[in-house]
Amino acid sequence: MKLKEGKTYPFSITGLVTLPDKVDYFVLTDPNNVKHLLAIIFYLHYNFKFGQQINCRIDKINCSGKIFIEPEHPHYKLNQSYFFPYLRTEEYKDGQCKPERYAFFSDAFGNEIKMPVDDLPGDYEAKQKINFLITRIKKGKVYISRKIVKEIYNEFNEGKEYPFIISQFKKHPGKRSYYVIKSQSGLTFKLRRKYYKKYNFELGQTIYCRLVSEGEDRYLEPRHPFYKIGKEYKFMIKNIEYIDEYPDIKKQAFILKNKYGKDSIVLIENVNKEKIQDGKLQCRVEDIRKSRLYLKPIYN
């Protein structure tokens, strides 16, 4: 049974280990008897015990095959609403020294949750409880929103590009900053900034995006500033790494440099090494998702 991103599976706590980084980890064993590590420091308030079985969500499987897991929270579930008491409001300065106001709320464990005041309707009194939706749980920390505006993609055909204007840049706690883009019909959507920092987007700029489906998720992918899907390019081989192929296979891969976004991975077993010239490999761009290029080596 392969583990799938977004799905929840039972894991058993089968050990404790301290790695050379001096961080303590739980050893978790999944349904296929494959072991995973979970940093203890983020889950002290969960009161996990050796031998306990816990449910964990597969939060992400990256292109290197690394699996990121998130245990179920003892009090909260994703996409459900709960009341959180308001604590206070504070003002900070962003990277451009502009003042930004944040409201603080408290979760069930007394951990503080910070939110931009602009996302909240009105002011609140101390200890007043406000209803929020749980939008994300990562490393034991909950992320909340006053409301979720469902992004509607009915007017877009998958794979076709459409123009959008970058109308806002929103900085959220937990390094979850977004560009807000607006369609010609006035619909608004969010782009995670971390994927497109090297695209050098600016407020007021018109960009072109295509609709992409990834499992149950749908999102907009901006046009790459240099590479085009279906075209061939020469890519510099940056280094060689081992990537994980679940459950317990490691394979060698070339890491190919992409100066506009995340580097790409090509399995060495799929490469004719005689075609490598001056440390470069000719590849066709098969797809682009979240700025990452998905490449196929060219043999001719």
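Heads up: these notes are all about the structure in this document. (Residues numbered from 1 in each chain as written. Predicted model: local features only at pLDDT ≥ 70, side-chain atom pairs only at ≥ 80, totals over all residues. Heavy atoms only, no water.)

Moving on to the environment of I137. Summarising the element assignment, I137 is placed in strand 9 (residues 129–138). The exposure class assigned to I137 is buried, which follows from its relative accessible area of 10%. Put simply, I137 and Y76 are 61 residues apart on the chain and 8.7 Å apart in space, counted from C-alpha to C-alpha. Beyond its immediate sequence surroundings of up to four residues, I137 is in contact with Y46, E70, H73, Y76, L78 and V142. (Helix = DSSP H or I, 4+ residues; strand = E, 2+ residues; numbered from the N terminus. Buried < 20%, exposed > 50% of the residue type's maximum accessible area, 1.4 Å probe, protein only. Contact = heavy atoms within 4.5 Å.)

Our next topic: a positive patch on the surface. A cluster of basic residues, K60, K66, K138, K139, K194 and K262, forms a positive patch on the protein surface. Judged by relative accessible area, which is 34%, K60 ranks as partly exposed. (Patch = residues over 30% accessible without salt bridge, like charges linked within 9 Å, V, L, I, M, F, W, Y side chains within 5 Å. Areas by Shrake-Rupley, 256 points an atom, 1.4 Å probe, with all protein chains shown as cover. Salt bridge = Lys/Arg side-chain N within 4 Å of Asp/Glu carboxyl O. Lys, Arg positive; Asp, Glu negative; His and termini not counted. Charge placed at Lys NZ, Arg CZ, Asp CG, Glu CD.)

To continue, consider the environment of G159. Structurally, G159 can be placed in the loop between strand 10 (141–145) and strand 11 (161–170). Residue class for G159 comes out partly exposed when judged on its relative accessible area of 45%. Here the alpha-carbon distance between G159 and D59, two residues 100 residues apart in the chain, equals 26 Å. Ignoring any residue separated from it by four or fewer positions in sequence, one finds G159 in contact with R210 and L211.

Right, let's get into the sheet that holds strand 3 (residues 35–39). Here 5 strands make up an open sheet; going across it, the order is 3-2-1-4-5 and the pairing antiparallel. The open sheet has two edge strands with one neighbour each: strand 3 and strand 5 (67–71). On average, each strand axis in the sheet is tilted by 50 degrees relative to the strand beside it, whichever way the strands run. Where strand 4 (residues 53–61) meets strand 5, 5 bridges bridge the pair, whose relative direction is antiparallel. Looking across to strand 5, one finds that I61 is bridged to I67. (Pairing = 2+ DSSP bridges. Axes fitted to C-alpha atoms, helices over the stretch in contact; angles between N-to-C directions.)

Below, the discussion takes up the nonpolar core. Of all hydrophobic cores here, the largest spans 35 residues; its most connected members are F11, L28, F84 and F105. The dominant element in this core, judged by the number of residues it contributes, is strand 9, at 4 residues. When residues no more than four places from it in sequence are discounted, the contact partners of L28 are F11, S12, I13, T14, V34, K35, H36, L38, I54, C56 and I69. (Core = buried A, V, L, I, M, F, W, Y, C linked by side-chain atoms within 4.5 Å.)

Below, the discussion takes up the pairing of strand 20 (residues 292–297). Taken together, the 6 bridges between strand 19 (residues 280–289) and strand 20 define a ladder with antiparallel strand orientation. Paired with R284 across the two strands is K296, which belongs to strand 20. Counting the residues between successive antiparallel strands, the hairpin from strand 19 to strand 20 contains 2 residues, one of them, K290, with a positive phi of roughly 55 degrees.

As judged from the 5 bridges shared by strand 16 (residues 232–245) and strand 19, these two strands associate in the antiparallel manner. The partner of M236 across the bridge, within strand 19, is K280.

Next up on the list: the pattern of salt bridges. Applying the stated criterion across every chain yields a total of 14 salt bridges. Among the salt bridges present, the one from D287 reaches R210, with a minimum N-O distance of 3.1 Å. Pair noted here: D287 is in strand 19 and R210 is in strand 14 (residues 206–214), with a separation of 77 residues, a long-range link. On the basis of relative accessible area, R210 is assigned to the buried category, the value being 12%. The residue E286 makes a salt bridge to R284 at a minimum N-O spacing of 3.9 Å. Given the relative accessible area of 41%, E286 is considered partly exposed. Exposure remark for R284: the relative accessible area of 27% places this residue in the partly exposed category. Because the salt bridges share partners, they merge into one network encompassing R210, E214, D287, R289 and K290.

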